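One letter stands for each residue in the lines below.
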Amino acid sequence: MQTTPDIIALNESIKNESAFITLIQNELSKVIIGQQGMVEGLLIGLLADGHVLLEGVPGLAKTLAINSLSQTIGASFSRVQFTPDLLPSDIIGTQIFNMSEHLFETKKGPVFSNFVLADEINRAPAKVQSALLEAMQERQVTLGDKSYPLPKPFLVMATQNPVEQEGTYPLPEAQMDRFLLKITLTYPEREDERTILRNQLRSNVESLNSVVSTEQILKARTAIDSIYMDEKIETYILDIVFATRFPKEFALPSLSNKISFGASPRGSIALAKAAKCHAFLRHRGFVIPEDVRAVAPSVLRHRIGLTYEAEAEEITQDDIVTEVLNTLMVP
């Protein structure tokens, strides 16, 4: 039986614990104009100990966003440009034989950073993409007969270009499922782009300050665990996920021939975690249905498979998630 905590005291505690979020957002707003969804998604990924997949055309500040976030919390950052000739050892590292010492030495790769940008991840073959799997899931890398833990916090942000698909290698479903969120980026608003234009034409570039420590991020994760989620919210999350698997049982018969597979149990966990983090970003100690609805598209869009019928009718995963959210009763 779930016990209800003292919501007023919990709310006050979360309000204090989450105060640093405003500091990060204010600092990022110096260089990231608009793209609020991307910034929130990165913060949710960081706080939930998950990873983020960004899809958008070049030039939408994807690299700038994660680099700037690493600067605001004083964390290490590395960028890997995925290309068809990339090797797994270029990411995780390798063992090199030392002739003078007559033994193998470990040379760690760029994955040993707090923030790793896997730029255009779909440009590299599956064996290179899969080099990230152990790091993303187990937070460790095995080189030879030894496993090395990765630094904490650890966040992989992968990007992919949705336009040019010539010579790309789509991510397998198992790897897509490892990403907590998939965020699709659109062009900035006209006035936001005017601000971007003016900022870029100035000679003095804004410098970012480190306003939060990595220890504060790890402490915040413990606070997020204590955020209250009512049983009705849990039921709502399960209804959403199960509706993607068995749409007929949830008064959605029109979707049964559009979905080839629904979200996995990892999707339920991700939806609950992301909803708690969304409440934390709003300095709230409890989850409301709006938190779940706000993060559902980013959590589920890469966890739903489309049938040929859906693709022929140009129905997207976002359309399916929207229909599910519009049909199910909100608690």
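Note that the structure is a prediction, hence the values are computed from the model and not measured.

Chemist: Help me understand unusual backbone geometry in this model?
Modeler: Apart from glycine, the bulk of residues carry a negative phi angle, and the bulk of peptide bonds sit in the trans form. The step from K152 to P153 runs through a cis peptide bond, and the omega angle for that step is -5°. Locating P153 in the fold gives a position in the loop between β7 (146-149) and β8 (155-160). Its identity is not glycine, yet E314 carries a phi of approximately 60°, on the positive side. By secondary structure assignment, the location of E314 is in the loop between α14 (308-312) and α15 (317-327).

Chemist: Please clarify how the sheet that holds strand β1 (residues 52-55) should be interpreted in this entry.
Modeler: Hydrogen bonds between backbone atoms are what pair the strands of a sheet, whose relative direction is either parallel or antiparallel. A sheet is described by the order of its strands in space; here 5 strands give the open sequence β2-β5-β8-β1-β9, paired in parallel fashion. Whereas interior strands pair on both sides, the edge strands pair on one side only; in this sheet they are β2 (77-81) and β9 (181-184). This sheet shows a mean twist of 20° between the axes of neighbouring strands, independent of strand direction. Here strand β5 (residues 115-119) pairs with β8 via 4 bridges, running parallel. Paired with F115 across the two strands is L155, which belongs to β8.

Chemist: Even after reading the chapter, I still don't get the side chain of Q175, so can you show me in this structure?
Modeler: In this fold, Q175 is placed in helix α8 (residues 173-176). Of the residues examined, Q175 reaches a relative accessible area of 2% and is grouped as buried. Only 2.9 Å separates the side chain of Q175 from the backbone oxygen of Q129, close enough to count as a polar contact. The contacts of Q175, once residues within four sequence positions are left out, are I121, Q129, S130, L132, L133 and M136.

Chemist: Explain the nonpolar core to me, please; I cannot follow it from the model alone.
Modeler: When a protein is soluble and globular, its nonpolar side chains tend to lie buried together. Judged by nonpolar contacts, the single largest core of 73 residues is most densely connected at F20, I24, L47, I240, L271, F280 and V292. Here the element with the most residues in this core is helix α12 (residues 265-281); it accounts for 8 residues. In this view, L271 contacts I237, I240, V241, V292, V295, A296 and V299; residues no more than four positions away in its chain are not counted. Among the nonpolar cores identified, the runner-up in size contains 27 residues, and F82, I91, V141 and V156 belong to it.

What counts and how
Residues numbered from 1 in each chain as written. Predicted model: local features only at pLDDT ≥ 70, side-chain atom pairs only at ≥ 80, totals over all residues. Heavy atoms only, no water. Helix = DSSP H or I, 4+ residues; strand = E, 2+ residues; numbered from the N terminus. Pairing = 2+ DSSP bridges. Axes fitted to C-alpha atoms, helices over the stretch in contact; angles between N-to-C directions. Buried < 20%, exposed > 50% of the residue type's maximum accessible area, 1.4 Å probe, protein only. Polar contact = N/O pair within 3.5 Å; in protein donor to acceptor, adjacent residues only side chain to side chain. Contact = heavy atoms within 4.5 Å. Core = buried A, V, L, I, M, F, W, Y, C linked by side-chain atoms within 4.5 Å.

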